[in-house]
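# Commentary on secondary and tertiary structure
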Amino acid sequence: MNFAVFASGNGSNLQAIIDALGQGAIKGSLGLVLSDKADAYALTRARQAGVEHVVFLDPRDFASRTAFDAAVVEILKERQIELVVLAGFMRILSPVLVRAYAGRIINIHPALLPAFKGAHAVRDALAAGVATTGVTVHFVDEEVDHGPVIAQVSVPVLEGDTLASLAARIHAAEHVLYPDVINRVLQGTLDVPAQDACA
Ligand code: GAR
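Described below are features of the structure shown in this document.

This part is about the pattern of salt bridges. A complete count under the given rule lists five salt bridges for this structure. Residue Arg-99 pairs with Glu-142 through a salt bridge whose shortest N-O separation is 2.7 Å. Here Arg-99, found in helix H4 (residues 95-100), pairs with Glu-142, found in the loop between strand E6 (132-139) and strand E7 (149-156); they are 43 residues apart in sequence, far enough to count as distant. For Asp-180, the salt bridge identified is with Arg-184, shortest N-O distance 3.4 Å. In this pair, Asp-180 and Arg-184 both sit in helix H6 (residues 163-187), four residues apart, roughly one turn of the helix. Assessed through its relative accessible area of 39%, Asp-180 is described here as partly exposed. A relative accessible area of 26% places Arg-184 in the partly exposed class.

Right, here's the structure in full:
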């Protein structure tokens, strides 16, 4: 199955996916990496890995979020992408994209959803003083950081944790969880609970 990764930043999750493909731990084909940020290091990682289609789309070139997402859908169709993997893609998806790929977009979030939605989940968890946070992988619906949960892992918040130390532990958990979930989605061997655990 042909899948795409969308990333806006460093792309450490993209790297974990690329490495898992190289090791045969993900059986599928990474047909497209797309970013909305010209300077995203994820784009460099994709080029270095020899991904065939590496695309930067500048949101400023589009009149609206819908217009941007319509262009994205066109690229996905052109490249015959069957699954979209969001890996630190920091844009809200509009219905035009979510509906075109209903049930075929997954996201990773650095918290135990529904706790700590948004762009600063690790910082927010630390500030809230919780003893445990974690990582969620979920199907994407029309709400932000919302949709049926596929998998979650807990990460303890340790005494003396800083944003950097906690983020590093969360990233390490992401890099194990996401390739495994992606492979299971691609193989169709997922056991997804029917209820929306993020609601
Ligand atoms: C990851 O921690 C991911 O969970 C988070 O962005 C980071 C991207 O890191 N996503 C969100 O916060 C989505 N709401 P990376 O660029 O190194 O893969």
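In this structure, Phe-3, Val-5, Val-85, Ile-106, Tyr-178 and Ile-182 are the most contacted members of the largest nonpolar core, which totals 36 residues. Counting residues per element, this core draws most heavily on H6, at 10 residues. Judged by nonpolar contacts, the second largest core, of 22 residues, contains Leu-76, Leu-93, Leu-97 and Tyr-101.

Attention now goes to the packing of helix H1 (residues 12-22) against H6. Where H1 contacts H6, the two axes come as close as 9 Å, and the packing angle between them is 50 degrees. Looking at the two axes, H1 sits oblique to H6. For H1 against H6, the interelement crossing comes out right-handed. Note on element contacts: H6 touches H1 through His-171, Glu-174, His-175, Tyr-178, Pro-179 and Ile-182, opposite Ser-12, Asn-13, Ala-16, Ile-17 and Ala-20. Residues of the contact of H1 with H6, tallied by class, amount to six nonpolar, four polar and one charged.

This part takes up the site of the ligand. Taken together, 13 residues are adjacent to the ligand, and Gly-11, Ser-12, Asn-13, His-109 and Glu-174 come closest. In this structure, Asn-10 approaches the ligand through a main-chain N or O atom, which is 3.5 Å from an oxygen atom. Separating an oxygen atom of the ligand from a side-chain N or O atom of Asn-13 is a distance of 2.9 Å. Bound to the protein, the ligand loses 89% of the 450 Å² it would expose on its own. Elements with a minimum of two residues in the shell around the ligand: H1, strand E5 (105-109) and H6. Among the residues forming the shell around the ligand, the class breakdown is three nonpolar, eight polar and two charged.

Parameters at a glance
- Residues numbered from 1 in each chain as written.
- Predicted model: local features only at pLDDT ≥ 70, side-chain atom pairs only at ≥ 80, totals over all residues.
- Heavy atoms only, no water.
- Salt bridge = Lys/Arg side-chain N within 4 Å of Asp/Glu carboxyl O.
- Helix = DSSP H or I, 4+ residues; strand = E, 2+ residues; numbered from the N terminus.
- Buried < 20%, exposed > 50% of the residue type's maximum accessible area, 1.4 Å probe, protein only.
- Core = buried A, V, L, I, M, F, W, Y, C linked by side-chain atoms within 4.5 Å.
- Axes fitted to C-alpha atoms, helices over the stretch in contact; angles between N-to-C directions.
- Parallel < 35°, antiparallel > 145°, perpendicular 65-115°, else oblique.
- Left-handed = near helix turned anticlockwise from the far one by under 90°.
- Contact = heavy atoms within 4.5 Å.
- Nonpolar A, V, L, I, M, F, W, Y, C, P; charged D, E, K, R; others polar.
- Near = heavy atom within 4 Å.
- Polar contact = N/O pair within 3.5 Å; in protein donor to acceptor, adjacent residues only side chain to side chain.
- Areas by Shrake-Rupley, 256 points an atom, 1.4 Å probe, with all protein chains shown as cover.

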